[in-house]
Amino acid sequence: MRSIAVVGSGITGLVAAHGLLKSGCAVTVYSDRTADEWLNASRPTGTAARFDDALSYERELGLNFWDGEAPGGEGVYLTFCPALHNPLITLLGRFQKPFQAVDVRLQSARWMVELERRGGQVVIGKVGPNDLESLAAQHDLVIVAAGRADLCQLFARDDERSLYDASQRQLAMVITTGGPSRLDGIAMLPVRFDFLGTDGEVFFVPYFHKDAGVSWNILIEAKSGSRLDRFRDLKSGDEALGALKAAVRELFPWDEPFVRNMHLADPLGWLTGQVVPTVRRPSALLPSGKAIAALGDTAISYDPIAAQGANSGVKQARHLVHRIVARGSEAFDQRWIDETFELFYASHARHAYRFSQILLEPIPAPGRELLIAQYGSDGRADNDSGPQRVANAFVENFNDPTLMTAAFDDMAGMRAVIGRQTRGRWLRSGIRGRARIARNQVRVRFTPPARRV
């Protein structure tokens, strides 16, 4: 029986631990907090919405404790504003299967307890770099899934693949209750995504809070120095919620009624900070010469704009578990760790990383072509029009970034995607979309901001 250590008790580390345990490995999770501390004394680590590909592995492992309770997000409702108070384009696309966002504090606490119940071990205590040598002597493999904490610095930055050396957004997150359960006039329960080209983005994500249950997780992605960049020096969740309401009122006034009656879900239910999108080397050598492996955010740090962090982490965990099982009794050396990661990067992570970059940067011409072709989508399940199928195809790329990401860099490829969804009518779809957008701009010029969209 192979003995595996997992350092970190977030989503990715615990999914890997459960997968390894189910596969017959002896698993020990090293956590810097108890399950009770996760649940009652911790800040959330992010929104961590997962789409069907990631959720399917969690369900395979029997970790889907909130199916039937957590709201199922059915799609994306995007409003693209190139300038202030100018909602140029809307998109309403449906996922093939719903996504789910559950409070990480609740998940980690429940999954830790479940791991021990199933026969795994949990050791409480902070693991530092000097502790890894001892762990490597006790186990066949040490997997570091400690997020972006100090341990990730053991894994060298991959300069060729890491496209940024600074954060691209100032981030804030607030978990709220008291808002509407659904969006008025929308035929599904979506992520509400307001995109203001000059300032940044705001996401309203259907969420399941650890105490309040059904709620909203609101993520702010502010461009540095913009009008949305007002969350850096906040001291409390109430201050963060107040700043959010003010920002929505000023920049996205059509959503002001939606946030007006919201209140903080719990005193710890908020975050501010930033992420430098980074790809790291998947292995590190300890002084003894033993190799350790990086997993999840420790291996790749994603800006949350495309919701790829937790999704990619779960997929990497599944890939790593399968590779460990296939390794049999052979050593988990550095060459094997690196090869395992390269297979995952080539098949998935490079697409997820590029998709996140696309959403952080000005929309490329093929992306504009897609937005034009889908214009008129309404998100209805019975809508089988070309524009709706284009919108649905875009949304499904969040679940599986290998589907369409490459087309954002290739106009011919994007027109081929649009052509498949519109049954060969990509040119007609583009002409119709441009005409509809022009009519909408006439309407916008004569409509007060608070009534738009």
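What you see is a predicted model; the values in this text were computed from it and never measured. (Residues numbered from 1 in each chain as written. Predicted model: local features only at pLDDT ≥ 70, side-chain atom pairs only at ≥ 80, totals over all residues. Heavy atoms only, no water.)

### Remarks on the packing of aromatic side chains
In this description, an aromatic ring pair is defined by two values, namely the gap between the centres and the angle between the planes. Taken as a whole, this structure holds 20 aromatic pairs when the rule is applied. An angle of 85 degrees between the planes, with centres 5.4 Å apart, marks the rings of Phe204 and Phe258 as edge-to-face. Within this pair, whereas Phe204 is found in strand E9 (residues 200-209), its partner Phe258 is found in helix H7 (residues 256-259), the two being separated by 54 residues in sequence. Its relative accessible area of 0% is what places Phe204 among the buried residues. By relative accessible area, which is 9% here, Phe258 ends up buried. Clustering of aromatic rings is evident, with ring pairs tying together Phe51, Phe95, Phe99, Phe355, Phe394, Phe398 and Phe408. Of note, Arg110 hangs over the ring of Phe65, and the distance from its end group to the ring centre comes to 3.9 Å. Its guanidinium or amino end placed over the ring of Tyr345, Arg161 lies 4.0 Å from that ring's centre, counting from NZ or CZ. (Phe/Tyr/Trp six-rings, centres within 6.5 Å; stacked < 30°, edge-to-face > 60°. Helix = DSSP H or I, 4+ residues; strand = E, 2+ residues; numbered from the N terminus. Buried < 20%, exposed > 50% of the residue type's maximum accessible area, 1.4 Å probe, protein only. Lys NZ or Arg CZ within 6 Å of the ring centre and 35° of its normal.)

### A word on the packing of helix H3 (residues 52-60) against helix H8 (residues 309-327)
Following both chains from N to C, one finds H3 and H8 inclined at 50 degrees, their axes separated by 9 Å at the closest point. Between H3 and H8, the angle falls in the class oblique. Like other packed secondary-structure pairs, H3 and H8 cross with a definite hand, here left-handed. Residues Asp53, Ala54, Ser56, Tyr57 and Glu58 of H3 pack against Asn311, Val314, Lys315, Arg318 and Val321 of H8. Split by residue class, the contact of H3 with H8 holds four nonpolar, two polar and four charged. (Axes fitted to C-alpha atoms, helices over the stretch in contact; angles between N-to-C directions. Parallel < 35°, antiparallel > 145°, perpendicular 65-115°, else oblique. Left-handed = near helix turned anticlockwise from the far one by under 90°. Contact = heavy atoms within 4.5 Å. Nonpolar A, V, L, I, M, F, W, Y, C, P; charged D, E, K, R; others polar.)

### Describing the pattern of salt bridges
On inspection of all chains with the given rule, the structure shows 32 salt bridges. Its salt-bridge partner being Asp32, residue Arg33 comes within 3.0 Å of it at the nearest N-O pair. Residue class for Asp32 comes out partly exposed when judged on its relative accessible area of 47%. Of the charged contacts in the structure, one is a salt bridge between Arg157 and Asp159, with a shortest N-O distance of 2.6 Å. Given the relative accessible area of 33%, Arg157 is considered partly exposed. One connected set of salt bridges, linked through shared partners, spans Arg110, Glu114, Arg117 and Arg118. (Salt bridge = Lys/Arg side-chain N within 4 Å of Asp/Glu carboxyl O.)

### Some words on the sheet that holds strand E1 (residues 3-7)
Strands sit in the order E5-E2-E1-E6-E15-E14 across an open sheet of six strands; the sheet is mixed. Among the strands making up the open sheet, the edge pair consists of strand E5 (121-124) and strand E14 (283-285). For this sheet, the mean inter-axis angle between neighbouring strands, taken without regard to orientation, is 25 degrees. Across three bridges, the pairing between E14 and strand E15 (residues 291-294) is antiparallel. Residue pairing across strands places Ala284 opposite Ile292, the latter belonging to E15. The sheet strands contacting helix H1 (residues 11-22) are E1, strand E2 (26-31) and strand E6 (141-144), and the helix crosses E2 at an angle near 165 degrees. (Pairing = 2+ DSSP bridges.)

### So, the side chain of Lys210
With respect to the helices and strands, Lys210 occurs in the loop between E9 and strand E10 (213-222). A polar side-chain atom of Lys210 sits 2.7 Å from a polar atom in the side chain of Asp211. (Polar contact = N/O pair within 3.5 Å; in protein donor to acceptor, adjacent residues only side chain to side chain.)

### Some details on the environment of Leu403
With respect to the helices, strands and loops of the structure, Leu403 is situated in the loop between helix H11 (386-399) and helix H12 (411-421). Note: C-alpha distance between Leu403 and His18 (385 residues apart in sequence) is 28 Å. Setting aside its immediate chain neighbours within four residues, Leu403 contacts Glu396 and Asn397.

### So, the side chain of His18
With respect to the secondary-structure elements, His18 resides in helix H1. Setting aside chain neighbours within four positions, we find His18 in contact with Leu61, Leu63, Trp111, Glu114, Leu115 and Arg118.

### Considerations on the pairing of strand E7 (residues 170-177)
The buried count for E7 comes to eight of eight residues, which makes it a mostly enclosed element. Burial of E7 is two-sided: the residues Gln170, Ala172, Val174 and Thr176 facing one way and the residues Leu171, Met173, Ile175 and Thr177 facing the other way are all buried. Bridge analysis of E7 against E10 gives seven bridges, and the strand direction is antiparallel. Its bridge partner being in E10, Ile175 is matched across the sheet by Asn217. Sheet topology note: the E7/strand E12 (residues 270-273) ladder contains four bridges and is antiparallel. Residue pairing for E12: Ala172 is matched across the bridge by Thr272. Here E7 runs beside strand E11 (residues 263-264); their pairing, made up of two bridges, is antiparallel. Bridged to Thr176 within E11 is Leu264.

### Brief notes about the nonpolar core
With 69 residues, the main nonpolar core has Leu132, Val142, Ile300, Phe394 and Met404 as its most contacted residues. Looking at this core element by element, the count peaks at 10 residues for helix H9 (residues 334-360). Filtering out sequence-adjacent residues up to four positions away, Phe394 remains in contact with Leu91, Phe355, Leu370, Met404 and Phe408. Judged by nonpolar contacts, the second largest core, of 45 residues, contains Ile4, Ala35, Ile143 and Leu320. (Core = buried A, V, L, I, M, F, W, Y, C linked by side-chain atoms within 4.5 Å.)

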